[in-house]
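# Fold and geometry: a report
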Amino acid sequence: MRKFTAWLKLFRVTNLPTVPGDALAGAALAMFFVSDCAPVKTAIAASVSLLLLYMFGLADNDIAGAKSDGDRPIPSGEISICMARVASIVCLLGALALAAAHSVPFAWYLNFTLLTVLILIYNRTKKPLLMGLC
């Protein structure tokens, strides 16, 4: 049970329900104003993909701060840095696979790539502007 709790802590599960809302709200607005917009299932897939990207960012944040964030699962030894890396890569690849399976628009991939780069840079620099951009 302790390992399971550590994974919940790594992925900050209590914050996860807040993530897809922005993407779904944006998709709903686009569907309202643009008649040839993507279907609802594509919007949901894009939102879940962004949730997986968020989880990638959370794991990467803990990997980047493994030496300084003493109260987190990696430095405490509850989760190895190797397993956290595997989990982050699974989240990133899962996000891309889900998006590809549901034919999200090309612009989504551009935004996804930009956001991934911003996440990686923020996790290593902790610049507030980058957090705001994310």
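First, a word on what this report is: a plain description of the structure on this page. Model, not experiment: these values are computed from the prediction.

### Some details on the overall build of the protein
Regarding its fold elements, the protein presents six helices and zero strands. Along its sequence from the N terminus, the protein presents helices and strands in the succession α-α-α-α-α-α. In the protein, once contacts between residues fewer than 6 apart in sequence are set aside, the share between residues at least 24 apart is 67%. Carbon and sulfur atoms make up 72% of the accessible area of the protein, which totals about 8000 Å². Across the protein, the centroid of the 11 positively charged side chains sits 7 Å from that of the 7 negatively charged ones.

### Let's talk about the environment of alanine 101
Residue position: alanine 101 is located in helix α4 (residues 81–101). Separated by 96 residues in sequence, alanine 101 and threonine 5 have C-alpha atoms that sit 31 Å apart.

### Concerning α4
With 21 residues, α4 should reach 30 Å at 1.5 Å per residue; the first-to-last C-alpha distance of 30 Å fits that figure. Three or more residues of α4 are buried, namely Ala84, Ala87, Ser88, Cys91, Leu92, Ala95 and Ala99. Mapping the buried residues of α4 onto a view down its axis gives an arc of 130 degrees, with all of them on the same face. α4 presents Val90, Leu93 and Ala101 as exposed residues on the side facing more than 90 degrees away from its buried surface. Those residues of α4 hidden inside the fold are in contact with α1 (2–10), α3 (40–64) and α5 (106–125). After α4 finishes, the residue serine 103 shows a positive phi value of roughly 50 degrees.

### Digging into the packing of α3 against α5
Two numbers describe how α3 lies on α5: the axes approach to 9 Å, and their chain directions differ by 20 degrees. Taken together, α3 and α5 sit at an angle that is classed as roughly parallel. At the point where α3 passes α5, the crossing takes the right-handed sense. Between α3, through Ala46, Ser49, Leu50, Leu53, Phe56, Gly57, Asp60, Asn61 and Ala64, and α5, the contact on the second element is made entirely by Trp108, Phe112, Leu115, Thr116, Ile119, Leu120, Tyr122, Asn123 and Arg124.

### Some points on the environment of glycine 21
Inspection of the secondary structure assignment puts glycine 21 in helix α2 (residues 19–33). Residues glycine 21 and serine 47 lie 26 residues apart in sequence; the distance between their C-alpha atoms is 7.8 Å.

### Regarding unusual backbone geometry
Not every positive phi belongs to a glycine, and arginine 12 is a case in point at roughly 45 degrees. A positive phi angle is found at lysine 126, which is not glycine, with a value near 60 degrees. Overall, the relative accessible area of 38% leaves lysine 126 in the partly exposed class.

### Thoughts on the packing of aromatic side chains
By the definition in use, this model includes three aromatic pairs. For the pair tryptophan 108 and tyrosine 109, a centre-to-centre distance of 5.2 Å together with 90 degrees between the ring planes defines the contact as edge-to-face. A relative accessible area of 24% means that tyrosine 109 is categorised as partly exposed. Relative to phenylalanine 112, the ring of tryptophan 108 has its centre 4.9 Å away and its plane inclined at 25 degrees; by these criteria the two rings are stacked.

Reading the values: the criteria
Along every chain, residues carry numbers that run from 1 in the direction the sequence is written. Since the coordinates come from a predicted model, pLDDT governs what is reported: local features require at least 70, and pairs of side-chain atoms require 80 or more to be given and counted, while whole-chain, interface and lining totals use all residues. Only heavy atoms go into the side-chain values, all of them from the structure, while hydrogens and water stay out. Here a strand is any run of E in DSSP of at least two residues, a helix any run of H or I of at least four, and the numbering for each starts at the N terminus. Residue contacts follow a heavy-atom distance rule, with two residues in contact if any of their heavy atoms lie within 4.5 Å. Surface accessibility in these figures is a Shrake-Rupley result with a 1.4 Å probe; residues are shielded only by whichever protein chains are displayed. In this tally, Asp and Glu contribute negative charge and Lys and Arg positive charge; neither His nor the terminal groups of the chain are included. To locate a charge, the coordinates of NZ of Lys, CZ of Arg, CG of Asp or CD of Glu are taken. To estimate how far a helix should extend, the number of its residues minus one is multiplied by 1.5 Å. Each residue is placed in one exposure class: buried if its accessible area under a 1.4 Å probe, protein chains only, is under 20% of its type's maximum, exposed if it is over 50%, and partly exposed if it falls in between. Each direction from the helix axis to a C-beta atom contributes to the arc, which is the arc of those directions. Axis definition: a line fitted to C-alpha atoms, limited for helices to the stretch in contact. Angles are taken between N-to-C directions and run from 0 to 180 degrees. Angular relationships are summarised with four words: roughly parallel below 35 degrees, roughly antiparallel beyond 145, roughly perpendicular across 65 to 115, and oblique for the angles in between. Crossings are sorted by hand: turned counterclockwise from the far helix by less than a right angle, the near helix makes the crossing left-handed, and turned clockwise it makes it right-handed. Each Phe, Tyr or Trp ring (for Trp, its six-membered ring) is paired with any other whose centre lies within 6.5 Å, and the angle between the two planes then decides the class: stacked below 30 degrees, edge-to-face above 60, tilted in between.

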